[in-house]
Amino acid sequence: GYLTSREMEDYLAARKEEAIVDLTYSAEVQQKMVEPSGQEVREFFRANRDRFVHPPRATVRQLIVGDEAQANLIRQQIIEGKSKFIDMIRTHSIDSWSQSRDGLIENVLQGEGRLSYLQEPAFALTVGELSEPIRAPGGYALIMVVERFTEEQLTFDEVGANVVEHLTAERREARLTEFLDEIRATVDVRIHEENLGLMTDPSEVGALQTMRLESGQ
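Cut-offs applied
- Residues numbered from 1 in each chain as written.
- Predicted model: local features only at pLDDT ≥ 70, side-chain atom pairs only at ≥ 80, totals over all residues.
- Heavy atoms only, no water.
- Phe/Tyr/Trp six-rings, centres within 6.5 Å; stacked < 30°, edge-to-face > 60°.
- Helix = DSSP H or I, 4+ residues; strand = E, 2+ residues; numbered from the N terminus.
- Buried < 20%, exposed > 50% of the residue type's maximum accessible area, 1.4 Å probe, protein only.
- Axes fitted to C-alpha atoms, helices over the stretch in contact; angles between N-to-C directions.
- Parallel < 35°, antiparallel > 145°, perpendicular 65-115°, else oblique.
- Contact = heavy atoms within 4.5 Å.
- Nonpolar A, V, L, I, M, F, W, Y, C, P; charged D, E, K, R; others polar.
- Pairing = 2+ DSSP bridges.
- Salt bridge = Lys/Arg side-chain N within 4 Å of Asp/Glu carboxyl O.
- Patch = residues over 30% accessible without salt bridge, like charges linked within 9 Å, V, L, I, M, F, W, Y side chains within 5 Å.
- Areas by Shrake-Rupley, 256 points an atom, 1.4 Å probe, with all protein chains shown as cover.
- Expected span 1.5 Å × (residues − 1).
- Bend = angle between axes of the 7 residues up to and from the residue.

Caption draft 1: Seen up close, the packing of aromatic side chains. In this structure the tally under the stated criterion is two aromatic pairs. Residues Phe45 and Phe156 carry aromatic rings whose centres are separated by 5.5 Å and whose planes lie at 70 degrees to one another, so their mutual orientation is edge-to-face. Remark: Phe156 occurs in helix H7 (residues 156–185) and Phe45 occurs in helix H2 (residues 38–47); sequence separation between them is 111 residues. In this structure Phe45 comes out as buried when scored by relative accessible area, which is 4%.

Caption draft 2: Geometry of the packing of H2 against H7. Contact pair H2 / H7: the axes reach a minimum separation of 9 Å and the direction vectors enclose 105 degrees. One way to sum up the angle between H2 and H7 is to call them roughly perpendicular. From H2, Glu40, Val41, Arg42, Phe44 and Phe45 reach across to H7, where they touch Phe156, Val159, Gly160, Val163, Val164, His166, Leu167 and Arg171. Residue composition of the contact of H2 with H7, grouped by class: eight nonpolar, two polar and three charged.

Caption draft 3: Just the pairing of strand E2 (residues 57–65), in detail. Counting buried positions along E2 yields eight of nine residues, so the element is predominantly enclosed. Here E2 pairs with strand E3 (residues 104–109) via four bridges, running antiparallel. Directly across from Val60, in E3, lies its bridge partner Ile105.

Caption draft 4: A look at the sheet that holds E2. Strand order in the open sheet formed by four strands is E3-E2-E5-E4, with antiparallel pairing between adjacent strands. Each of the sheet's edge strands pairs with one partner strand only, and the pair in question is E3 and strand E4 (134–136). Each adjacent strand pair in this sheet contributes to an overall mean axis angle of 50 degrees, direction not counted. Examined bridge by bridge, E4 and strand E5 (residues 139–149) share three bridges and lie antiparallel to one another. Directly across from Arg135, in E5, lies its bridge partner Tyr140. Helix H4 (residues 85–92) rests against E2 and E5 of the sheet, and its axis sits at about 50 degrees to E2.

Caption draft 5: Fine view of the pattern of salt bridges. Applying the stated criterion across every chain yields a total of 14 salt bridges. For the salt bridge of Glu28 with Lys32, the shortest nitrogen-to-oxygen distance reads 2.9 Å. Taking the shortest distance from any N to any O, the salt bridge between Arg57 and Glu152 comes out at 3.5 Å. Of this pair, Arg57 sits in strand E2 while Glu152 is found in strand E6 (residues 152–153), placing the two residues 95 residues apart along the sequence.

Caption draft 6: Here's a closer look at a nonpolar patch on the surface. Side chains of Leu180, Ile183 and Val187 sit close together on the surface and give an oily, nonpolar patch of about 220 Å² of accessible area. Inspection of the secondary structure puts Leu180 in helix H7.

Caption draft 7: Structural view of H7. Under the 1.5 Å per step criterion, the end-to-end length of H7 is 42 Å for 30 residues, consistent within 8% with the ideal 44 Å. Residue Asn162 marks the point of greatest curvature in H7, where the axis turns by about 25 degrees. Of the residues making up H7, those classed as buried are Phe156, Val159, Gly160, Val163, Leu167, Thr168, Arg175 and Phe179.

What follows is the structure in structure tokens.
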């Protein structure tokens, strides 16, 4: 039956290997790793404050139409006071996602790659100023800055958990490297030159040659 088939034997063998690896990792890495203390976490934060900064950001409204001439016409109507920007977004914008939010796009971070066409107007315009038509995906955009926020230093309370996670990951990686080095020190590596010619994967040959150099053979 299936329970005694070769496939089941292979499956059980693979699960056994996975269980051994998991147990070994838990015993030799996780349980032997020293957790960062509260003082260490705070010292890391104080020494690396520049890594915990919220960059300048802006909230903007956008209107996107199909061509530059239409964008210029709409802009002129708004500047002359004949139309309101938000009304023109609702009736003319072809970007359904932003149109459904009255053109509002929040948390445009300075230097980010998302919506790159917003970068210049978001941080060059004054609040309430309407941009010239800007090339955007699918057409031309008119942008207005609603709010802008300067760079903000994050507090320890805001990022403390992230610092703990970072230090823990570093120590886990260091302990794993140490454990693997301990294993390598107990392994007798022997390279049979005649078998190298039978190997076709360059990475495998390179790995064996590296092991040979490390073992002094």
